[in-house]
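# Coordinates in review
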Amino acid sequence: MKTARFILGDQLNYQHSWYNDTNDEVVYFMAEMRQETDYVKHHIQKVVAFFKSMRSFAEWLESEQHEVVYYTLDDEKNQQDLVANLKQVIKEHKIEKFEYQLPDEYRLDEQLNAFCDELTIETEAFDTEHFLTSRTDFTDFFEGKKQMVMEYFYRNMRKKYDIMMLNDKNPEGGKWNFDQSNRKKWKGAPEIPIEKQVKNDVSSICKMIENAGVETIGNITINKFHWPTTREACLDVLNYFCKNLLVHFGDFQDAMHTDEQYLFHSRLSFAMNSKMLHPMEVIETVISYWRNHQEAIAISQVEGFVRQILGWREYMRGMYWKEMPNYRTLNALNNTNSLPDFFWTGNTKMNCLKHAISQSLDTAYAHHIQRLMITGNFMLLTQMHPDAVDEWYLGIYIDAIEWVEITNTRGMSQFADGGLVATKPYVSSGSYINKMSNYCKDCVYKVSKKETEDACPFNSLYWNFLDEKREHFKDNQRMNMMMSLLNKMDATKLEALKNRAQAVIANPDNY
Ligand code: FAD
Ligand code: SF4
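Residues numbered from 1 in each chain as written. Chains lettered and ligands numbered in written order. Predicted model: local features only at pLDDT ≥ 70, side-chain atom pairs only at ≥ 80, totals over all residues. Heavy atoms only, no water.

So, about the overall build of the protein chain. The secondary structure content of the protein chain amounts to 20 helices and five strands. Over its C-alpha atoms the protein chain spans a radius of gyration of 24 Å, differing by no more than 12% from the 24 Å that the globule rule assigns to 511 residues. By principal-axis analysis of the C-alpha atoms, the protein chain measures approximately 75 × 55 × 50 Å. The burial tally for the protein chain puts 58% of its 511 residues in the buried class. (Helix = DSSP H or I, 4+ residues; strand = E, 2+ residues; numbered from the N terminus. Rg over C-alpha atoms; globule rule 2.2 N^0.38 Å. Buried < 20%, exposed > 50% of the residue type's maximum accessible area, 1.4 Å probe, protein only.)

Tallying each qualifying case throughout the model produces 43 aromatic pairs. Ring centres 5.4 Å apart and planes at 55 degrees place the aromatic pair Tyr19 and Tyr28 in the tilted group. Across the pair, Tyr28 and Tyr19 agree in class, each one buried. Relative to Tyr100, the ring of Phe98 lies with its centre 5.7 Å away and its plane at 20 degrees, an arrangement referred to as stacked. Judged by its relative accessible area of 1%, Phe98 is buried. Overall, Tyr100 belongs to the buried group, its relative accessible area being 4%. (Phe/Tyr/Trp six-rings, centres within 6.5 Å; stacked < 30°, edge-to-face > 60°.)

A separate point is the state of the cysteines. Two cysteines form a disulfide when their sulfur atoms are joined by a covalent bond. For the coordinates displayed, the defined rule picks out zero disulfides. Between Cys206, a free cysteine, and Cys234, which holds the nearest cysteine sulfur, the sulfur-to-sulfur gap is 18 Å. Given a relative accessible area of 11%, Cys206 falls into the buried group. (Disulfide = S-S within 2.5 Å.)

For the rest of this paragraph, the subject is helix α14 (residues 386-396). The element α14 is largely enclosed, with a buried count of eight among its 11 residues. Among the residues of α14, Pro386, Val389, Asp390, Trp392, Tyr393, Leu394, Gly395 and Ile396 are the ones counted as buried. On its buried face, α14 is in contact with α2 (44-63), α12 (351-363), α13 (368-381) and α15 (402-413). (Contact = heavy atoms within 4.5 Å.)

Here Asn438 shows up in the loop between α16 (430-436) and α17 (457-468). Classification of Asn438 by relative accessible area gives buried; the value is 15%. Engagement of the side chain of Asn438 in a polar contact is seen with the side chain of Thr258, the distance being 2.9 Å. Setting aside its immediate chain neighbours within four residues, Asn438 contacts Lys185, Met256, His257 and Thr258. (Polar contact = N/O pair within 3.5 Å; in protein donor to acceptor, adjacent residues only side chain to side chain.)

Glancing now at the site of ligand 2. In the vicinity of ligand 2, the residues found are Met350, Asn351, Cys352, Gly430, Ile433, Tyr439, Cys440, Cys443, Tyr445, Val447, Cys456 and Phe458. Of the pockets mapped on this structure, ligand 2 occupies the second largest cavity. Listing elements by their share of the shell around ligand 2, those giving two or more residues are α12 and α16. Grouping the constituent residues of the shell around ligand 2 by class yields 10 nonpolar, two polar and no charged. (Near = heavy atom within 4 Å. 1 Å grid on protein atoms, 1.4 Å probe; cavity = no way out; pocket = protein on both sides within 12 Å on 5 of 7 lines; lining within 4 Å. Sits in = over half its atoms within 2 Å of the grid points. Nonpolar A, V, L, I, M, F, W, Y, C, P; charged D, E, K, R; others polar.)

Our focus in this paragraph is the layout of surface pockets. Reported here for the second largest pocket is a volume of approximately 290 Å³. Along its surface, the second largest pocket is lined by 16 residues, and Gln45, Lys224, His226, Asp362 and Thr363 are the ones closest to its centre. Looking at the lining of the second largest pocket residue by residue, the classes come out as five nonpolar, seven polar and four charged. (Points joined across faces, edges and corners; volume = space filled by probe spheres on them.)

The next subject is unusual backbone geometry. Residue Pro190 follows Ala189 across a cis peptide bond; omega there is -5 degrees. Along the chain, Pro190 turns up in the loop between α6 (150-160) and α7 (203-212). Following Met324, the chain continues into Pro325 via a peptide bond in cis, with omega recorded as 5 degrees. Within the element layout of this structure, Pro325 appears in the loop between α11 (299-323) and α12. The phi dihedral of Glu129 falls on the positive side, at around 55 degrees, and the residue is not glycine. Mapped onto the elements of the fold, Glu129 is located in the loop between β5 (122-126) and α5 (137-142).

What follows concerns the site of ligand 1. Lining the immediate surroundings of ligand 1 are 28 residues, of which His265, Ser266, Arg267, Asn273 and Tyr365 lie closest. Between ligand 1 and the protein, one listed contact pairs an oxygen atom with a side-chain N or O atom of His265 at 2.7 Å. Between ligand 1 and Tyr365 there is a distance of 2.7 Å, counted from an oxygen atom to a side-chain nitrogen or oxygen. Within the complex, 99% of the 810 Å² of free accessible area of ligand 1 lies under protein. Among the elements of the structure, α9 (269-273), α11, α13 and α15 are those that each provide at least two residues to the shell around ligand 1. Sorting elements by how many residues they give to the shell around ligand 1 places α11 first, with six residues. Classifying every residue of the shell around ligand 1 gives 13 nonpolar, 10 polar and five charged. Viewed by domain, the shell around ligand 1 spans two of them, domain 2 (137-192 + 245-323) and domain 3 (341-510), each represented by three or more residues. (Areas by Shrake-Rupley, 256 points an atom, 1.4 Å probe, with all protein chains shown as cover. Domains from an automatic or database assignment.)

Rendered as structure tokens:
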């Protein structure tokens, strides 16, 4: 039966069982489309990375003797719309059966479902064979539980997959979680190896995107585009991480520094989210490297890394499928403000934000704590609308795909889901930023000051936020200590802090 198999840009799973056999009756279809470049304004490097990786994947399929129909963005035949393109391919190739892999984004899932409902030929959806949990495992696991605590989910995953376990019940190293050891500030040592340099020729893709008039954000330097876009390059980045960065990954996971964008982070999120690397192969490679180098690498570095992938990544995906589509409308704290312009330019005197945003515009990357405790923290403290916040995060990062972006942004960072992901809001004054980075050293504002003109804006914003959102946190036990400090605060002092905070909120671009 003549069959079309459709592959989305984030379904580049080289190990999928679809490709085990060749079949003359099967044609694979892939397309670069305006539908995908335009649903949000993406970083230029993100568009380039996806198109380049899709092309490498299509080339590989062809080299494996599969028949491939590939529409580049500038292909005359390209209708730029998923449904229109699929109809065209089905007609042109006299397709009798349509097959696809289950999308990870709700929007595409709906679109493909509706498309299949309309078709008169046979259709079949396949698993992407990528995740370690199904769409519904998360819901089943938390059935009947009051709170969906990540730690329990993670422990269950460790047991289920027998990862770093002594026996059925007990974790290796005597603890499930070594988070407490992962809190060091980086002060110039140990030396951080330069990020893995990946060779890519992206000049023609960049030209094509420019000629097509696709609106993008951020910057790209053609000969400095180092994101991996082939499976081989992804494996190189993974091996580079094991050899050079794993040894200090956990220690400096939360650290930030003006001169170092990546510190000891793996830069593997794009490789995994595009599915070029399987999460289990990443986990197993890292653990195997550690087992061969146990005298040099502490368990805390490895457990911290495994937790992010086996725990947080799968947890976020489960939460997404459990809570969508409602999740994308949640705004539990009723925040309504707009993003200041400096989020698109990096042009602010607040040194932490200037660095985190400029770096994001230049590299399409910021590590977790920069996203959570610098940009996300400021957005929450200034009470920006979660829609605007989501749009920014979904556009700017190389790894931003809705299932993992929205749960991190609306959930973990903005508390817009009312505490489904995070048990308390991730907000802080300047002192946390000063503790974990060198940003404050050269800042115009003084981190030690609170309400004066030269005071760090985060300090007043923090107390203003707690005061304005009192009602939301009055029953949250994890907020008890901060709320009781707020309640004991001298009224005149609080008023001065609030005045300062309101001035920042009214005109963030002035700061
Ligand atoms: P490392 O620090 O080396 O961690 C290893 C891997 O663990 C990552 O590659 C990633 O796959 C996984 N991981 C770590 N933290 C998380 C997490 N919280 N949720 C899911 N997986 C995690 N991650 C995305 O992949 N896409 C996003 O769009 C995204 N948006 C985010 C938005 C906000 C506001 C926040 C706070 C976090 C977001 N994250 C997102 C999670 C995390 O910041 C990135 O996965 C990480 O920075 C990617 O860099 P890395 O590969 O060097 O990660
Ligand atoms: Fe950021 Fe405040 Fe530190 Fe400046 S002083 S870098 S604004 S935390």
